[in-house]
Amino acid sequence: MRSSGRSRGPGPELSGRAPTGRVLREGLRVATAALRANWMRTILAVLGVGIGVGVVVTVASIITGIRTEVMTAFEASGPENFMVMPFDLSDARASFSGSGRPPWWNRPQITDDEVQRVQSLPAVAQAVAGFDFGASMRYRSDWVWSVSFRGLSTGWASFVGGDIVAGRDFTSAEVSQARSVMVVSSKLAENLFGELDPVGKRVRVNAGRRASNELFTVVGVFEPLPNMFGEAAENFALVPFTAADKRLKARTRWTFLNIQIMPKEAASTGEAESQVVSALRSMRALGPGEDNNFAIIRSEDMINLFNQLTGMFFAVMVGLSSVGMLVGGIGVIGIMLISVTERTREIGIRKSIGATRREIKWQFLIEASLMTAAGAGAGLLAGWGASEALAAATPLPARIPLWSVFAAIGLAALTGILFGMMPALRASRLPPVDALRYE
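Residues numbered from 1 in each chain as written. Predicted model: local features only at pLDDT ≥ 70, side-chain atom pairs only at ≥ 80, totals over all residues. Heavy atoms only, no water.

A. Spatial organisation of the pairing of strand 2 (residues 124-139). Relative to strand 9 (residues 258-263), strand 2 is paired through six bridges, and the arrangement is antiparallel. Bridge assignment links Q126 to a residue of strand 9, and that residue is M262. Two elements, strand 2 and strand 3 (residues 142-152), share nine bridges in a ladder whose sense is antiparallel. Within strand 3, the residue paired with A135 across the bridge is V147. The loop that links strand 2 with its antiparallel partner strand 3 comprises two residues; one of these, R140, has a positive phi angle of about 55 degrees. Sheet topology note: the strand 2/strand 6 (residues 202-206) ladder contains three bridges and is antiparallel. Across the sheet, the residue bridging to R138 is R204, located in strand 6. (Pairing = 2+ DSSP bridges. Helix = DSSP H or I, 4+ residues; strand = E, 2+ residues; numbered from the N terminus.)

Dropping the structure here:
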């Protein structure tokens with residue numbers, strides 16, 4: 001007959017339903033001794049779990065930092081703004097027909113007349129036409145290769161974060177006349193002109209196409225907001241889109257024109273979209289039953305596309321990190337099986353004095369969970385160190401989101417429970433008589 005204080009065996013005592021604080025302390029003591037006795041396997045398990053947790057936390061911090069920068073860029077360009085393009089960029093697929101051309105190849109390009117029509121709509125405050133291309137620049141004998149160019153109409157500063165710190169922007173007249181003028185970024189001005197004043201300097205631009213080796217005059221210097229992509233994103237030049245087309249021959253099917261649109265304050269985004277769609281359908285003579293052969297892309301569409309891409313990337317990284325968790329889980333099984341074997345007589349004694357199967361199972365699950373918790377702690381520290389190093393060495397505001405901490409801890413706990421369950425069940429099912437006879 002049991003006493004009210006319950007009998008105590010050589011191992012810690014467990015409640016039939018849940019472990020008490022005393023049981024957890026005893027479990028920690030026994031688990032520490034078992035892990036110390038098998039330190040090589042313990043390191044393998046902790047390392048595997050730590051790598052998995054560290055990868056999850058580090059990737060989450062990078063994605064969070066990138067998303068912060070993207071959201072900042074969208075807010076700077078206006079969350080109510082939208083874009084007109086020949087095809088829906090947010091629904092683009094890397095599929096090609098038998099001719100080797102993308103499926104949107106035969107869609108009509110946006111024309112200069114359509115740009116002017118959109119700019120004149122009553123609900124539109126700004127409509128900026130633009131397209132991107134690459135070129136090289138030379139001042140005297142100094143070259144700057146692979147410069148990012150953007151052909152634009154006036155009003156582009158409303159969509160880009162930053163300020164003109166020297167000179168001026170190009171005018172509407174210069175755009176309509178396709179004048180050879182440009183605004184350069186402060187980084188490009190530094191690389192090309194050094195300490196010289198860039199305003200008024202004439203540079204040679206080569207877009208790699210016939211009749212594209214043209215002289216352009218620098219009329220302004222633009223200082224962009226800090227960018228996480230560093231110097232590569234800061235080395236750019238802006239020219240009238242008409243000059244890029246007529247003088248540099250830079251406008252092709254691969255460098256298609258698009259229109260960025262800012263609705264008036266008194267008009268809603270939906271009203272501006274409706275006017276733009278009606279105007280373009282009318283100019284393109286589309287019938288009531290015909291689909292649009294152009295696309296309206298909202299800021300939220302681009303955000304959703306970004307979330308899908310980063311979600312896929314995160315899922316791939318989690319899948320790769322699960323390999324580390326698997327290695328750690330195998331280590332947990334190995335250590336716990338050895339622990340069960342070495343403590344067979346202890347299990348037999350505890351069962352003979354009244355310990356239940358549930359109590360034995362709890363004891364070994366606590367040991368497995370403590371092992372994976374150590375790996376989770378090491379992984380969180382490694383992930384925190386990596387995110388701090390990234391934030392210090394780059395403009396990326398990497399930070400660990402709270403959800404990733406809980407996800408990492410949950411993943412480690414799940415590993416401990418799943419891989420510790422088999423040894424715990426084996427221990428709890430040992431017949432007391434056979435266990436007592438074990439040598």
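B. Region of the structure containing the packing of helix 3 (residues 112-119) against helix 8 (residues 269-283). Orientation of helix 3 relative to helix 8, taken along the N-to-C sense of each, is 145 degrees, at an axis distance of 10 Å. In this structure, helix 3 meets helix 8 at a crossing whose hand is right-handed. Along its contact with helix 3, which presents D113, E114, R117 and V118, the element helix 8 presents V276, A279, L280 and M283. Here the contact of helix 3 with helix 8 is composed, by residue class, of five nonpolar, no polar and three charged. (Axes fitted to C-alpha atoms, helices over the stretch in contact; angles between N-to-C directions. Left-handed = near helix turned anticlockwise from the far one by under 90°. Contact = heavy atoms within 4.5 Å. Nonpolar A, V, L, I, M, F, W, Y, C, P; charged D, E, K, R; others polar.)

C. Summary view of the packing of aromatic side chains. Within the structure shown, the criterion is met by seven aromatic pairs. Judged by centre distance (5.3 Å) and plane angle (25 degrees), the rings of F133 and F149 are stacked. Here the residue F133 occupies a position in strand 2, and F149 occupies one in strand 3, the gap between them amounting to 16 residues. The class of F133 is buried, set by a relative accessible area of 7%. Ring centres of Y139 and F193 lie 4.9 Å apart, and the angle between their planes is 70 degrees; on these two criteria the pair is classed as edge-to-face. One end of the pair, Y139, is in strand 2; the other, F193, is in helix 5 (residues 186-193), with 54 residues separating them in the sequence. The burial state of Y139 is the same as that of F193; both residues are buried. An aromatic cluster of three or more residues is present, and its members are F131, F133 and F149. (Phe/Tyr/Trp six-rings, centres within 6.5 Å; stacked < 30°, edge-to-face > 60°. Buried < 20%, exposed > 50% of the residue type's maximum accessible area, 1.4 Å probe, protein only.)

D. Quick look at a nonpolar patch on the surface. Judged by side-chain polarity, W39, M40, I43, L47 and I51 come together as a nonpolar surface patch covering roughly 540 Å² of accessible area. The topology assignment puts M40 in helix 2 (residues 39-77). Judged by its relative accessible area of 52%, M40 is exposed. (Patch = residues over 30% accessible without salt bridge, like charges linked within 9 Å, V, L, I, M, F, W, Y side chains within 5 Å. Areas by Shrake-Rupley, 256 points an atom, 1.4 Å probe, with all protein chains shown as cover. Salt bridge = Lys/Arg side-chain N within 4 Å of Asp/Glu carboxyl O.)

E. Just the confidence of the model for the chain, in detail. For the chain, the average pLDDT comes to 79, and 82% of its residues sit at 70 or higher. Put simply, helix 6 (residues 231-234) is where the chain has its lowest mean pLDDT, 61, and strand 5 (residues 181-185) is where it has its highest, 95. Contacts of residues 1-17 to residues separated by more than four positions or lying in other chains number 37 contacts, the stretch itself having pLDDT below 50. (pLDDT = per-residue confidence, 0-100.)

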